[in-house]
Amino acid sequence: MDSTATRPGPARTPTNPASGRRSRVPVVGGAAAMVLVGSSAAVSRVLVDAPLFTAQALRYAIAAAVLVLIARVRGVPIRRPRGAEWLWLTAVAATGLVLFNVALVRGAAHAEPAVLAVAVACVPVLLGVVGPALERRRPRARLVVAAVVVTAGAVLVEGTGHADAVGIAWAVVTLVCEAGFTLLAVPVLRRHGPWGVSLHAVWIGAVLFAALAVPLEGWGAVGQLDGADLLTVAYLAVLVTAVAFVLWYGAVGALGSDRAGLLTGLAPVAAAGAGVAGGLALPGVGVWAGIAVVGVGLVLGLRAGTVDGPASPAPTRRSPCVVRSSASPRSRSAPL
């Protein structure tokens, strides 16, 4: 008898279409979040003359109320922060929400909008290098290369501009704050999940903005918001904050900060599309080229085989002499 007849062949994992669909859910969610964030650029122009801190405090207060309501309806548990978690969540709100908005306003006085946009476009590279360290793993070369490609495409979409030394400094602050919104949430995301991190970040942000609004803009600043301002604040609170934050942190928890970071390249693409929808001229050849480059970077970093979780453990080696009648499913922890 041929000895190979009784030798067990390599175990085959049956194809599960449902598993493939589930693996795409965080990618679609993260992409939707970035489209909402990018498209908000056109809407936010309505608030140019509105009291900044008051409008933002109202925005995040509404977002917190919406998140609480939906979480209760859906039965999503919200855990109370403990110990150092307060520091991480406060840092997310202080940098990713408050300081980020301040940097945009102050930086606009010293730099053209494209300069600040280019700074934000560098976020995928920063997340691709620093994010894995916070998740206790090494950066993946292919994802870092993909992040560079996405960033290059985003820069082509945004264009370049002029800035003085102060403007460049504010641009760097903007980059750090935008990356901090994701990176500072990584240590608490596993326990609190996307709903908990989003809710705690926005209510802390509302408190911080209110603490700035009262002494700097006064109690009566709310009365300066007209109907268009209030509608804009409501849109930003519900879609760009409550919905987008949960979708984004869900993507970060499932994909890892480095892979999810690639999706931030969609924000400038969405901003360009929103501008056209708002009546601006069609983008030029350079913008279309940038959109194509962003697409190439996303395909490189998110293609099949790279969306199966933020940190896959090393497979356990099995003896070739052991035959298992059934394979037990591998458990995976994902805060979704």
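A. Representation of the overall build of the chain. A tally of regular secondary structure across the chain gives 12 helices and 0 strands. When each of the 336 residues of the chain is scored for burial, the buried share is 43%. Summarising the internal contacts of the chain: among those between residues at least 6 apart in sequence, 91% fall at separations of at least 24.

B. Representation of a nonpolar patch on the surface within the structure. The grouping of V238, L239, V243 and L247 at the surface amounts to a nonpolar patch, some 240 Å² of accessible area in total. With a relative accessible area of 33%, V238 lands in the partly exposed category.

C. Quick look at the packing of helix α4 (residues 113–121) against helix α6 (residues 141–158). At their nearest, the axes of α4 and α6 sit 9 Å apart, and the two run at 165° to each other. Judged by the inter-axis angle, α4 sits roughly antiparallel to α6. α6 is crossed by α4, and the crossing has right-handed handedness. Where α4 abuts α6, its residues A114, A117, V118 and A121 lie against T151, A154, V155 and E158. A per-class count over the contact of α4 with α6 returns 6 nonpolar, 1 polar and 1 charged.

D. Main features of helix α5 (residues 123–134). For α5, which comprises 12 residues, the first-to-last C-alpha distance of 16 Å matches the rise-based estimate of 16 Å (1.5 Å per residue) to within 8%. Contacts made by the buried residues of α5 are with α4, α6, α7 (165–183) and α10 (257–262). Looking one or two residues beyond α5, the residue adopting positive phi is R136, at roughly 60°.

E. Representation of the packing of aromatic side chains. All chains considered together, the criterion is met by 5 aromatic pairs. Centre to centre, the rings of F53 and F209 are 6.3 Å apart; their planes meet at 35°, and the pair counts as tilted. Highlighted residues: F53 in helix α2 (residues 52–74) and F209 in helix α8 (residues 186–217), separated in sequence by 156 residues. Overall, the relative accessible area of 9% leaves F53 in the buried class.

F. Up close: the side chain of T232. Note on placement: T232 falls in helix α9 (residues 227–255). By relative accessible area, which is 6% here, T232 ends up buried. Leave out the neighbours within four places in its chain, and T232 touches V43, V46 and L47.

G. Quick peek at α2. Counted at 1.5 Å a residue, the expected span for α2 with its 23 residues is 33 Å, and the 33 Å between its end C-alpha atoms agrees. Looking at α2, one finds that the buried residues are F53, T54, A55, Q56, A57, R59, Y60, A63, A64, L67 and A71. Buried residues along α2 sit against α3 (85–108), α8 and α9. Two residues or fewer after α2 comes G75, characterised by a positive phi angle close to 70°.

H. Expanded view of the nonpolar core. W248, Y249, L262, L263 and L298 are the most contacted members of the largest nonpolar core, which totals 57 residues. Looking at which element gives the most residues to this core, the answer is α8, with 11 residues. Grouped together as the second largest cluster of nonpolar side chains are 10 residues, A119, A171, L175 and A179 included.

I. Region of the structure containing the pattern of salt bridges. On inspection of all chains with the given rule, the structure shows 2 salt bridges. The residue E85 makes a salt bridge to R191 at a minimum N-O spacing of 2.8 Å. Here E85, found in helix α3, pairs with R191, found in helix α8; they are 106 residues apart in sequence, far enough to count as distant. We note a salt bridge from R137 to D258, for which the minimum N-O separation is 3.0 Å. In this pair, R137 is assigned in the loop between α5 and α6 and D258 in helix α10, connecting sequence segments 121 residues apart.

Parameters and conventions
Residues numbered from 1 in each chain as written. Predicted model: local features only at pLDDT ≥ 70, side-chain atom pairs only at ≥ 80, totals over all residues. Heavy atoms only, no water. Helix = DSSP H or I, 4+ residues; strand = E, 2+ residues; numbered from the N terminus. Buried < 20%, exposed > 50% of the residue type's maximum accessible area, 1.4 Å probe, protein only. Contact = heavy atoms within 4.5 Å. Patch = residues over 30% accessible without salt bridge, like charges linked within 9 Å, V, L, I, M, F, W, Y side chains within 5 Å. Areas by Shrake-Rupley, 256 points an atom, 1.4 Å probe, with all protein chains shown as cover. Salt bridge = Lys/Arg side-chain N within 4 Å of Asp/Glu carboxyl O. Axes fitted to C-alpha atoms, helices over the stretch in contact; angles between N-to-C directions. Parallel < 35°, antiparallel > 145°, perpendicular 65-115°, else oblique. Left-handed = near helix turned anticlockwise from the far one by under 90°. Nonpolar A, V, L, I, M, F, W, Y, C, P; charged D, E, K, R; others polar. Expected span 1.5 Å × (residues − 1). Phe/Tyr/Trp six-rings, centres within 6.5 Å; stacked < 30°, edge-to-face > 60°. Core = buried A, V, L, I, M, F, W, Y, C linked by side-chain atoms within 4.5 Å.

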